[in-house]
Amino acid sequence: MTSPVAAPTIRPVRPEDVPAVVAMVHELAEYERAPEQCHLTADQLHAALFPAAPALFGHVAVDAADQPMGFALWFLNFSTWAGVHGIYLEDLYVRPAARGTGAGRTLLATLAAICVERGYERLDWWMLHWNPAARFYASIGATPMDEWTPYRLTGPALRELAAQTTPAPTHPAA
């Protein structure tokens, strides 16, 4: 007989969690059928999460032994129409063995609580249309934003557009 899995604890990412989070990012890339596009390193993630004024934030779901079993990486966005910040969830992932423990729901609930506590009006994320997590997101009241079409500039197109103007001075915090 197996013992029931304890509910996960959610806490901010610590420096010692970075290797596990990077490994899970690579697992997520594999799950999303794009492992060749994932190049994140522990040094890059550490540098993004732990500078004096971070622009990226993270939480982990940990088991009873304080080992990460899932993560959420997020940053602030801003609604010019509402006049307030929100949270953009870049990635949410729970390892297959930890699915069904409440880790994903609790990670999202943690971000929702941060929004409410800080007066942010929304929590946004994107999801691949085939991802079975759509059922889970619908069960918590999330609605797809199908009236908006995401666009992205990258690679040669990004460099080509950048070359068409004189760059403005970069803001030190950017």
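Above this note sits the structure.
This structure is a prediction, so every number in the text was calculated from the model and none was measured.

S.K.: In this structure, what is going on with the sheet that holds strand β4 (residues 84-94)? I would like to understand it.
M.R.: Pairing between sheet strands relies on hydrogen bonds along the backbone, with the strands arranged either parallel or antiparallel. An order of β1-β2-β3-β4-β5 is seen for the five strands of this open sheet, with the pairing classed as mixed. Strands with a single pairing partner mark the edges of an open sheet, and in this sheet they are β1 (9-12) and β5 (123-125). Averaged over neighbouring strand pairs, the angle between their axes works out to 30 degrees when direction is ignored. Two elements, strand β2 (residues 57-62) and strand β3 (residues 68-79), share six bridges in a ladder whose sense is antiparallel. Bridge pairing links valine 60 to phenylalanine 71 in β3. Sitting on the sheet, helix α3 (residues 103-118) is in contact with β1, β2, β3, β4 and β5, with an inclination near 170 degrees to β4.

S.K.: How should I be thinking about the packing of helix α1 (residues 18-31) against helix α2 (residues 42-49) in this particular structure?
M.R.: What describes two packed helices is the angle between their axes and the distance between those same axes. Running from amino to carboxyl end, α1 crosses α2 at an angle of 115 degrees, the nearest separation of the two axes being 9 Å. Judged by the inter-axis angle, α1 sits roughly perpendicular to α2. In this structure, α1 meets α2 at a crossing whose hand is right-handed. Listed contacts from α2 to Val18, Val21 and Val22 of α1 are Ala42, Leu45, His46 and Leu49.

S.K.: How do you make sense of the environment of tryptophan 74 when you look at a structure like this?
M.R.: Mapped onto the elements of the fold, tryptophan 74 is located in strand β3. For tryptophan 74, a relative accessible area of 2% translates into the label buried. Spatially, the C-alpha atom of tryptophan 74 lies 4.4 Å from that of leucine 89, the residues being 15 residues apart in sequence. Not counting chain neighbours up to four residues away, the residues in contact with tryptophan 74 comprise Ala55, Leu56, Phe57, Gly58, His59, Ile87, Tyr88, Leu89, Glu90, Leu111, Ile114 and Arg118. At 3.2 Å, the side chain of tryptophan 74 forms a polar contact with the side chain of histidine 59.

S.K.: Explanation requested: α3 in the structure shown.
M.R.: Between its terminal C-alpha atoms α3 stretches 23 Å, which fits the 22 Å expected from 16 residues at 1.5 Å a residue. Those residues of α3 that sit buried are Ala103, Gly104, Leu107, Leu108, Thr110, Leu111, Ile114 and Cys115. In a view along the axis of α3, the buried residues occupy a sector of 150 degrees, so they form one face of it. Summarising the geometry of α3, the exposed residues directed more than 90 degrees from the buried face are Val116 and Glu117. Next to the buried residues of α3 lie β1, β2, β3, β4, β5 and α4 (133-139). Backbone geometry just after α3 places glycine 119 at a positive phi near 80 degrees.

S.K.: Can you help me understand the nonpolar core in this one?
M.R.: In summary, soluble globular proteins display a tendency toward joint burial of nonpolar side chains. Ranked by internal contacts, the top residues of the largest apolar core, which has 18 residues, are Ala61, Ala72, Ile87, Leu89, Leu92, Leu107 and Leu111. The set of elements that each furnish at least two residues to this core consists of β3, β4 and α3. The leading source of residues in this core is α3, at six residues. Setting aside anything within four residues of it in sequence, one finds leucine 89 in contact with Ala72, Leu73, Trp74, Leu108, Leu111, Leu123, Asp124 and Trp125.

S.K.: Explain the packing of aromatic side chains here, please?
M.R.: Remark: the centre distance and the inter-plane angle together describe each pair of aromatic rings, the angle taken between the planes. Under the defined criterion, the tally for this structure stands at seven aromatic pairs. Seen from their ring centres, tyrosine 31 and tryptophan 130 are 5.8 Å apart, and the 50 degrees between their planes marks the pair as tilted. Separated by 99 residues along the polypeptide, tyrosine 31 in helix α1 and tryptophan 130 in the loop between β5 and α4 bring together distant segments of the chain. With centroids separated by 5.2 Å and ring planes inclined at 35 degrees, the aromatic side chains of phenylalanine 75 and tyrosine 88 adopt a geometry described as tilted. Here phenylalanine 75 is found in strand β3, whereas its partner tyrosine 88 is found in strand β4, with 13 residues between them in sequence. One aromatic cluster in this structure is built from Phe75, Tyr88 and Trp126. Of note, arginine 33 hangs over the ring of tryptophan 130, and the distance from its end group to the ring centre comes to 3.8 Å. The ring of tyrosine 31 is capped by arginine 99, whose NZ or CZ atom sits 5.5 Å from the centre of that ring.

Cut-off values and rules
- Residues numbered from 1 in each chain as written.
- Predicted model: local features only at pLDDT ≥ 70, side-chain atom pairs only at ≥ 80, totals over all residues.
- Heavy atoms only, no water.
- Pairing = 2+ DSSP bridges.
- Helix = DSSP H or I, 4+ residues; strand = E, 2+ residues; numbered from the N terminus.
- Axes fitted to C-alpha atoms, helices over the stretch in contact; angles between N-to-C directions.
- Contact = heavy atoms within 4.5 Å.
- Parallel < 35°, antiparallel > 145°, perpendicular 65-115°, else oblique.
- Left-handed = near helix turned anticlockwise from the far one by under 90°.
- Buried < 20%, exposed > 50% of the residue type's maximum accessible area, 1.4 Å probe, protein only.
- Polar contact = N/O pair within 3.5 Å; in protein donor to acceptor, adjacent residues only side chain to side chain.
- Expected span 1.5 Å × (residues − 1).
- Arc of directions from axis to C-beta.
- Core = buried A, V, L, I, M, F, W, Y, C linked by side-chain atoms within 4.5 Å.
- Phe/Tyr/Trp six-rings, centres within 6.5 Å; stacked < 30°, edge-to-face > 60°.
- Lys NZ or Arg CZ within 6 Å of the ring centre and 35° of its normal.

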